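The chain contents come next:
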Amino acid sequence: MATWLIILLIAVGLALLVCAFFLGVYYRKRVGEREISSAEEEAKRILNEAIKSAESKKREALLEAKEEIHKNRTEYEREVKERRAELSKQEHRLQQKEENLEKKTDAIDRKNELLTKKISEMEKQQEEIQQLVQAQQAELERISGYTAEEAKSLLIESLANEVTHEQAVKVREIEAQYKEEAEERGREIIALAIQRCAADHASEVTVSVVSLPNDEMKGRIIGREGRNIRSFETLAGVDLIIDDTPEAITISCFDPVRREVARIALEKLIADGRIHPARIEEMLAKAQKEVNATIKAEGERAVFETGVYGLHPELVKLLGRQKYRTSYGQNVLNHSIEVAHISGLIAAELGVDIATAKRAGLLHDIGKSIDHKVEGSHVTIGVDVAKKYKESNEVVHAIAAHHGDVEPQTVIACIVQAADAISASRPGARRENIENYAKRLEKLEEVTMAFPGIDSCYAIQAGREIRIMVKPEQVNEDQMTLLARDVAKKIEDELTYPGQIKVNMIRETKAVAYAK
């Protein structure tokens, strides 16, 4: 009985174990199925989120691309409008010039007709006068016993000697009087103005040189098949000169502002190392902003230093552009500031309006800011610009007269003219290349030798003085004064030179004898 009970218990135990085993297996299966289902749902959720994120990024990329396209299109349309406006202005100017030419041609035709009629009338009157003169001349010859030619020669010779002597004496008296009264006072005023104003002078050239870290950079700047250099030259409007000069590139352009923009952009590209058309365009835009900011700052600095206020903002910008403009190696902005200071100092000594003198001195070379863009001399351009921005008549006249193109009518104009000459002729202020210097001296000697009675002449003191030796048998003491004035006048009319030229005329009389 006990054995069966044991067997029964074992069987029941085995049955319970088997049931427990199968229950465990079934439970693990259910847990595994729930985990698999949860993992599948998580995977689906991750996939859905990834799809949504990708679509969002795609939409953002499309929006950025559309914005970039719109920006480029707007920029292109703006440039097209500006170019069309510029072309329209040029067409309008040409049309006005054609109309003016037609009006002038009509006026000239009418004048020619009137002149033709007057000439025919004058010819008739001249014939009648000639007949009367011949009759009078015959009567005079009969009464005087001299022929007309003999009487004329005697009269001219007598009058010439008398007038020459009196003219020379009068010229000497006037010169002595003015020198005695004005020389000392003028020397004091000019010396005081120069001493109180000493601006620095910067020598620049018409090209800019950019240093390279190595010669390999030249190839990167040129780019594949010249793509980069063509893009740079087209966008910047300059010429890049890449030659055998080691580790250097030369930028050449007639517009100093454009050349400066190109220099800054090229230096940025070299420092960045990434050189391609898109990057070139970006760097040129940044450089243009920097130069524009510098121009504005320099114009404001000039106005602040000189104390000239109330200028039109465009005039201030034009003054700032002069920072990149030179004349005979002299920086035009520094020159204008110095002329303003000297004009104010001279005006103070003479008791005239200091503010107007400074204003005229600061603006006297304003035309040089845009003389490479507008036709005409910088004087004419400066006058037009000053009138455009409502400057006073005194300032406009001083600008027009500072190189003697028109006769100075005001004290301010004379002051600006003198201050301009002082600043330009200051030692070290200006320089010119040796070829132009030699040509100028040759032309000076050639102009001087064209006068009769001159034996030899020599340009000395770097062209500041011309020393002339006259023939004593042809030029007397009285004639020397007049001849010196004639030489000085011809030099003023035919030559261009900084400062002034002294005409030093010498007459030597030699006597030779032999003792036997």
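Rules used throughout
Residues numbered from 1 in each chain as written. Predicted model: local features only at pLDDT ≥ 70, side-chain atom pairs only at ≥ 80, totals over all residues. Heavy atoms only, no water. Patch = residues over 30% accessible without salt bridge, like charges linked within 9 Å, V, L, I, M, F, W, Y side chains within 5 Å. Areas by Shrake-Rupley, 256 points an atom, 1.4 Å probe, with all protein chains shown as cover. Salt bridge = Lys/Arg side-chain N within 4 Å of Asp/Glu carboxyl O. Lys, Arg positive; Asp, Glu negative; His and termini not counted. Charge placed at Lys NZ, Arg CZ, Asp CG, Glu CD. Helix = DSSP H or I, 4+ residues; strand = E, 2+ residues; numbered from the N terminus. Buried < 20%, exposed > 50% of the residue type's maximum accessible area, 1.4 Å probe, protein only. Pairing = 2+ DSSP bridges. Axes fitted to C-alpha atoms, helices over the stretch in contact; angles between N-to-C directions. Contact = heavy atoms within 4.5 Å. Parallel < 35°, antiparallel > 145°, perpendicular 65-115°, else oblique. Phe/Tyr/Trp six-rings, centres within 6.5 Å; stacked < 30°, edge-to-face > 60°. Lys NZ or Arg CZ within 6 Å of the ring centre and 35° of its normal. pLDDT = per-residue confidence, 0-100.

1. Describing a negative patch on the surface
Here comes step 1: A surface patch of like charges, here negative, comprises Glu98, Glu99, Glu102, Asp106, Asp109 and Glu113.
Here comes step 2: Mapped onto the elements of the fold, Glu113 is located in helix H1 (residues 2-144).
Here comes step 3: Look at Glu113 and you get exposed, because its relative accessible area is 53%.

2. Comments concerning the sheet that holds strand E8 (residues 502-507)
Here comes step 1: Taken in spatial order, the three strands line up as E6-E7-E8 in an open sheet, and their pairing is mixed. Two strands bound the open sheet, and with one partner strand each, they are strand E6 (454-460) and E8. Within this sheet the neighbouring strands show an average axis-to-axis angle of 20 degrees, counted without direction.
Here comes step 2: Of the strand pairs in this sheet, strand E7 (residues 465-470) and E8 are connected by six bridges, and their pairing is parallel. Each residue of the ladder has a partner; that of Arg467, found in E8, is Asn504.
Here comes step 3: Its contacts with the sheet place helix H14 (residues 477-494) against E6, E7 and E8, and it is angled at close to 150 degrees to E8.

3. Digging into the packing of helix H6 (residues 277-306) against helix H7 (residues 313-321)
How two helices sit against one another is set out by the angle between their axes and by the gap between those axes.
Here comes step 1: Interhelical geometry of H6 versus H7 gives an angle of 100 degrees and a closest axis separation of 7 Å. As judged from the angle between their axes, H6 and H7 are roughly perpendicular. Judged by residue contacts, Ile295, Lys296, Glu298, Gly299, Glu300 and Val303 of H6 engage Val316, Lys317, Leu319, Gly320 and Arg321 from H7.

4. Examining the packing of aromatic side chains
Here comes step 1: In total, this model carries one aromatic pair according to the counting rule given.
Here comes step 2: Between Phe21 and Phe22 the ring centres are 5.7 Å apart and the planes differ by 70 degrees, which places this aromatic pair in the edge-to-face class. For the pair formed by Phe21 and Phe22, the shared burial category is exposed.
Here comes step 3: Against the face of Phe451 rests Lys490, its NZ or CZ located 5.3 Å from the ring centre.

5. Side note on the pattern of salt bridges
A side chain with one charge can pair with a side chain of the opposite charge if their charged atoms come near.
Here comes step 1: Enumeration according to the criterion identifies 20 salt bridges in this entry.
Here comes step 2: Among the ionic pairs, Glu82 bridges to Arg78, the shortest N-O distance being 2.5 Å. Within this pair, Glu82 and its partner Arg78 are both found in helix H1, separated by four residues, close to a single helical turn.
Here comes step 3: With relative accessibility at 37%, the residue Arg78 sits in the partly exposed group.
Here comes step 4: Of the charged contacts, one joins Glu260 and Arg263 as a salt bridge, the two residues approaching to 2.5 Å between their closest N and O atoms. Residue Glu260 and its partner Arg263 are located together in helix H5 (residues 256-272), separated by three residues, close to a single helical turn.
Here comes step 5: Overlapping salt bridges bring together Asp272, Arg274, Arg279, Glu282 and Lys286 as one network.

6. Re the confidence of the model for the chain
Here comes step 1: The pLDDT averaged across the chain works out to 81; a share of 88% of its residues lies at or above 70.
Here comes step 2: Taken element by element, the predicted model of the chain shows its lowest mean pLDDT in helix H2 (residues 148-196) (67) and its highest in helix H11 (residues 393-401) (91).
Here comes step 3: Every residue in residues 198-204 is under pLDDT 50, and counting partners more than four places away or in other chains gives 21 contacts.

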